[in-house]
Amino acid sequence: EDQVTQSPEALRLQEGESSSLNCSYTVSGLRGLFWYRQDPGKGPEFLFTLYSAGEEKEKERLKATLTKKESFLHITAPKPEDSATYLCAVTPHSSGYALNFGKGTSLLVTP
Amino acid sequence: EAEVAQSPRYKITEKSQAVAFWCDPISGHATLYWYRQILGQGPELLVQFQDESVVDDSQLPKDRFSAERLKGVDSTLKIQPAELGDSAMYLCASSLRTNTGELFFGEGSRLTVL
């Protein structure tokens, strides 16, 4: 069974304190791995797509990386506006293109 | 900037009542999704449409849930009868094509069943 596990469940950082969020996955053939950001009471917002091990994508203070078993979302010098829940999702070759989401990591960045 | 529109934003209903949610995707987006998100969990796919056709409804509880996209544009998700366990955020998303994980989500419809 395809599984997506995100850790930690919650993370509190001081402004400027860099860290990483983890997404480990078990799928029968990965078609793609996706990162989304979700603010409270809102729908998720697309951040990145990663397709193959070794691939990296960057956007402002965020960088996503992918290995054969997991993905990391690195946050460099975070600001309070980076506070949100970060969701990881995978789509296996067998599913058409349905996204299988993890439970997310809730990030709080304090001034 | 184009957005996915959903209504209502909030709905409170009693169990055994019927409830309906509406979604208008971004213009030109052929693929439409309904997801359910329980508090503290990630979104779970209920149904996927390509134009007016259902692509995947394997996770839709068909004894009480129905979804339609008659003209291949806007869509309605219905629950009848609602149960306590249906309390969740119902998210609509759209994408330009089927083979992409870049989805554009609406703000969701928060359902509370009493």
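As a starting point, this report considers the structure included with it.

Conventions adopted
By convention here, each chain's residues receive numbers from 1 onward along its written sequence. As they are written, the chains are lettered A onward and the ligands numbered 1 onward, keeping that order. The predicted origin of the model limits local features to residues at a pLDDT of at least 70 and limits the giving and counting of side-chain atom pairs to 80 or more, whereas totals for whole chains, interfaces and linings rest on all residues. Hydrogens and water molecules were not included; the side-chain quantities draw on all heavy atoms of the structure. Only DSSP runs of H or I with at least four residues qualify as helices, and only runs of E with at least two residues qualify as strands; both kinds are numbered from the N terminus onward. Note on contacts: a residue pair qualifies if any of its non-hydrogen atoms lie within 4.5 Å across the two residues. Polar contact is the term for a pair of N or O atoms within 3.5 Å; when the atoms are in protein, one must be able to donate a hydrogen and the other to accept it, and sequence-neighboring residues count only if both atoms are side-chain atoms. The criterion for strand pairing is that DSSP finds at least two bridges linking the strands in question. Note on aromatic pairs: the rings of Phe, Tyr and Trp (six-membered ring only in Trp) are paired at centre separations within 6.5 Å, and the planes decide the class, stacked below 30 degrees, edge-to-face beyond 60, tilted for the rest. Between buried and exposed lies partly exposed: a residue is buried under 20% and exposed over 50% of the maximum accessible area for its type, with that area taken using a 1.4 Å probe on protein chains only. Buried area adds together the accessible area that both of two parts lose upon being put together, with accessible area traced by a 1.4 Å probe. Within this document, salt bridges are pairs made up of a side-chain nitrogen of Lys or Arg and a carboxyl oxygen of Asp or Glu, the two lying within 4 Å of each other. Three categories are distinguished: nonpolar for Ala, Val, Leu, Ile, Met, Phe, Trp, Tyr, Cys and Pro, charged for Asp, Glu, Lys and Arg, and polar for the others, with Gly belonging to the last. To count as a disulfide, a pair of cysteine sulfur atoms needs to be within 2.5 Å. Geometry is summarised by axes, namely lines fitted to C-alpha atoms with helices restricted to the contacting stretch, and by angles between N-to-C directions that run from 0 to 180 degrees.

## Observations regarding the environment of glutamine 38 of chain A
Examined against the element boundaries, glutamine 38 of chain A turns out to sit in strand β4 (residues 30–38). In sequence terms glutamine 38 of chain A and threonine 85 of chain A are 47 residues apart; their C-alpha atoms lie 5.1 Å from each other. Excluding residues within four positions of it along the chain, glutamine 38 of chain A makes contact with Gly43, Pro44, Ala84, Thr85 and Leu87 of chain A together with Gln37 and Leu91 of chain B. A distance of 2.8 Å separates the side chain of glutamine 38 of chain A from the backbone oxygen of lysine 42 of chain A, its partner in a polar contact.

## Examining the pairing of strand β7 (residues 65–68) of chain B
Residues and elements named next belong to chain B. Two strands pair when backbone bridges link them, and β7 and strand β8 (residues 75–79) are joined in this way by 4 bridges, in the antiparallel orientation. Paired with phenylalanine 65 across the two strands is isoleucine 79, which belongs to β8. Hairpin remark: β7 followed by β8, antiparallel, with 6 residues in the connecting loop; positive phi at glycine 72, about 70°.

## Focus: the packing of aromatic side chains
Counted under the stated rule, the structure contains 9 aromatic pairs over all chains. Between the aromatic rings of tyrosine 36 of chain A and phenylalanine 46 of chain A, the centroid separation amounts to 5.6 Å while the plane-to-plane angle is 75°, which identifies the pairing as edge-to-face. Pair noted here: tyrosine 36 of chain A is in strand β4 and phenylalanine 46 of chain A is in strand β5 (residues 45–50), with a separation of 10 residues, a long-range link. For tyrosine 36 of chain A, a relative accessible area of 0% corresponds to the buried category. Each ring, one from phenylalanine 101 of chain A and one from tyrosine 35 of chain B, has its centre 5.8 Å from the other, and the planes form 85°; the classification is edge-to-face.

## Quick word on the interface of chain A and chain B
With 15 residues of chain A at the interface, the matching set in chain B holds 20 residues. When chain A packs against chain B, the two sides together hide about 1,400 Å² of surface, and 56% of this comes from carbon and sulfur. Across the chain A-chain B interface, the total number found is 1 salt bridge. Between lysine 42 of chain A and glutamate 107 of chain B there is a salt bridge; the shortest N-O distance is 3.8 Å. Inspection of the chain A/chain B interface yields 4 residue pairs in polar contact (both at pLDDT 80 or more). A per-element tally of the side of chain A that touches chain B places β4 of chain A first, with 3 residues. Residues of the side of chain A that touches chain B, tallied by class, amount to 9 nonpolar, 4 polar and 2 charged.

## Observations concerning the state of the cysteines
All names here are of chain A. Throughout the structure, instances matching the rule amount to 2 disulfides over all chains. Residue pairing for cysteine 23: its cysteine sulfur links by disulfide to cysteine 88, the two sulfurs lying 2.0 Å apart. Residues cysteine 23 and cysteine 88 are joined through a disulfide that is left-handed, its torsion about the S-S bond being -65°. Separated by 65 residues along the polypeptide, cysteine 23 in strand β3 (residues 19–26) and cysteine 88 in strand β9 (residues 84–92) bring together distant segments of the chain.

## Structural notes on the sheet that holds β7 of chain B
Residues and elements named next belong to chain B. Spatial ordering of the open sheet is given by β1-β3-β8-β7, a layout of 4 strands whose pairing is antiparallel. Looking at the sheet topology across the chains shown, the edges are occupied by β1 (5–7) and β7. This sheet shows a mean twist of 15° between the axes of neighbouring strands, independent of strand direction. Where strand β3 (residues 19–24) lies against β8, 5 bridges are found, and the strand directions are antiparallel. Looking at the pairing, tryptophan 22 lines up with threonine 76 of β8.

## Notes on the pairing of β3 of chain B
All names here are of chain B. Burial along β3 is one-sided: Val19, Phe21 and Cys23 are buried, and none of Ala20, Trp22 and Asp24, which face the opposite way, are. Relative to β3, β1 runs antiparallel, the two being bridged by 3 bridges. Bridge assignment links serine 7 to a residue of β3, and that residue is tryptophan 22.

## Quick look at the sheet that holds strand β1 (residues 3–7) of chain A
Residue and element names in this part refer to chain A. The antiparallel open sheet is built from 5 strands, whose spatial order is β1-β3-β8-β7-β6. Lying at the two open borders of the sheet, with one neighbouring strand each, are β1 and β6 (56–59). Strand-to-strand twist across the sheet, computed as the mean angle between neighbouring axes with direction ignored, equals 15°. Here strand β7 (residues 62–66) runs beside strand β8 (residues 70–75); their pairing, made up of 5 bridges, is antiparallel. If you follow lysine 63 over to β8, its bridge partner there is histidine 74.

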